[in-house]
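Notes for the structure review
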Amino acid sequence: MVQFWFCLTLVLNSCFSAFVEAKVSHYVVEVQVVAPERKGDYVPALLSMILTASKAPDEVVEIIFSDRMFSQARWIAEVQKQNNNNVLWTVTSKEREQLLRPIRISLYKELWDMRLLVIRKQDEEKFAQIKNKDDLTLHMAGQGAHWPDNAILAANGLGVTLGSGTENLYKMLHAKRFDYFPRSIVELSSESRFVDANDLVVEKNILLSYPNPMYFFVNKKNNELAERIERGWEIIIKNGEFDKFFYSDAQVKAALEQLKKYDRQIIRLNNPDLPDNNSAK
């Protein structure tokens, strides 16, 4: 009799496990190209936190990293395709919000609005004399060909030389193809190897500031995914998880230290490409 009940228990447990497994559903999201070893990086980790916060109890969320090396313009085209569950993160613009659906909460709060200048070491004294935007117009900036920032700088009367790829732009700066490379204050700590390798420095006198929020974007017709991300954002902001995550990030800490380090002259620029009724949080 004991053996019978033991066998019956095993059968029931097996059936229950199969029933539970059958109820578990997988929700798969594909993101812009990021090497698998970087799954713990800020933005993928934030997206995972958001999707986990908004998932159903019987769901398992899986984020797939693409193995395709696409340009940002190509990725926008990929996300535009129907029947996909792709998420792209990039700074917003009027064109991008026409092509894709933004989730209008800035991934880096106001830090992404701040740019420091990377320059050649021998030009430090020259840049120390710059006091305003008019002074800066005498020098040429470098930017990526498809980056919204280049249109912002040009609209403010600043000369721009276009290149392709962050590492290549650092090399172009070293080769005197332009005079300064504005970089987000958040990006700089992860790009120190490019700065050092090209005998460059982070300029100590100037901080460029213009509204330039970075958002998650999805296909315009993918309401279900957009609503999941919006709901997850609302949850982690309300319960304080986002603030905890944000202020514990190494790049954010480094950016905040940079702000304290020098008393920089703030040069404010307009962003005419900021979409109407933009309400970034």
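Description of the structure in this document. None of these values were measured; they are calculated from a predicted model.

What counts and how
Residues numbered from 1 in each chain as written. Predicted model: local features only at pLDDT ≥ 70, side-chain atom pairs only at ≥ 80, totals over all residues. Heavy atoms only, no water. Core = buried A, V, L, I, M, F, W, Y, C linked by side-chain atoms within 4.5 Å. Buried < 20%, exposed > 50% of the residue type's maximum accessible area, 1.4 Å probe, protein only. Salt bridge = Lys/Arg side-chain N within 4 Å of Asp/Glu carboxyl O. Helix = DSSP H or I, 4+ residues; strand = E, 2+ residues; numbered from the N terminus. Polar contact = N/O pair within 3.5 Å; in protein donor to acceptor, adjacent residues only side chain to side chain. Axes fitted to C-alpha atoms, helices over the stretch in contact; angles between N-to-C directions. Parallel < 35°, antiparallel > 145°, perpendicular 65-115°, else oblique. Contact = heavy atoms within 4.5 Å.

1. Overview of the nonpolar core
- Leu46, Phe216, Ile229 and Trp233 are the most contacted members of the largest nonpolar core, which has 50 residues in total.
- Within the second largest apolar cluster, 16 residues are counted, among which are Phe127, Ile130, Tyr180 and Leu208.

2. What about the pattern of salt bridges?
- Inspection of the entire model under this criterion finds 15 salt bridges.
- With a shortest N-O distance of 3.4 Å, Glu78 and Arg74 are connected by a salt bridge. Within this pair, Glu78 and its partner Arg74 are both found in helix 3 (residues 72–80), separated by four residues, close to a single helical turn.
- Its salt-bridge partner being Arg101, residue Glu230 comes within 3.5 Å of it at the nearest N-O pair. Here Arg101 lies in strand 4 (residues 101–103) and Glu230 lies in helix 10 (residues 223–238), a separation of 129 residues in the sequence.
- Owing to a relative accessible area of 32%, Glu230 belongs among the partly exposed residues under this scheme.
- One network of salt bridges, with partners in common, ties together Arg120, Asp123, Lys126 and Asp179.

3. Observations regarding the side chain of Ser106
- Mapped onto the fold, Ser106 is located in the loop between strand 4 and strand 5 (114–120).
- Ser106 gets classed as buried once you look at its relative accessible area, which sits at 2%.
- Within the local environment of Ser106, its side chain forms a polar contact with the backbone oxygen of Lys109, the two atoms lying 2.9 Å apart.

4. Side note on the packing of helix 11 (residues 241–248) against helix 12 (residues 250–261)
- Between helix 11 and helix 12, the least distance of the axes is 5 Å, while the angle of their chain directions is 65°. As far as their axial angle goes, helix 12 and helix 11 are roughly perpendicular. Seen from helix 11, the contacting residues are Phe246, Tyr247 and Ser248; seen from helix 12, they are Ala250, Val252, Lys253 and Leu256.

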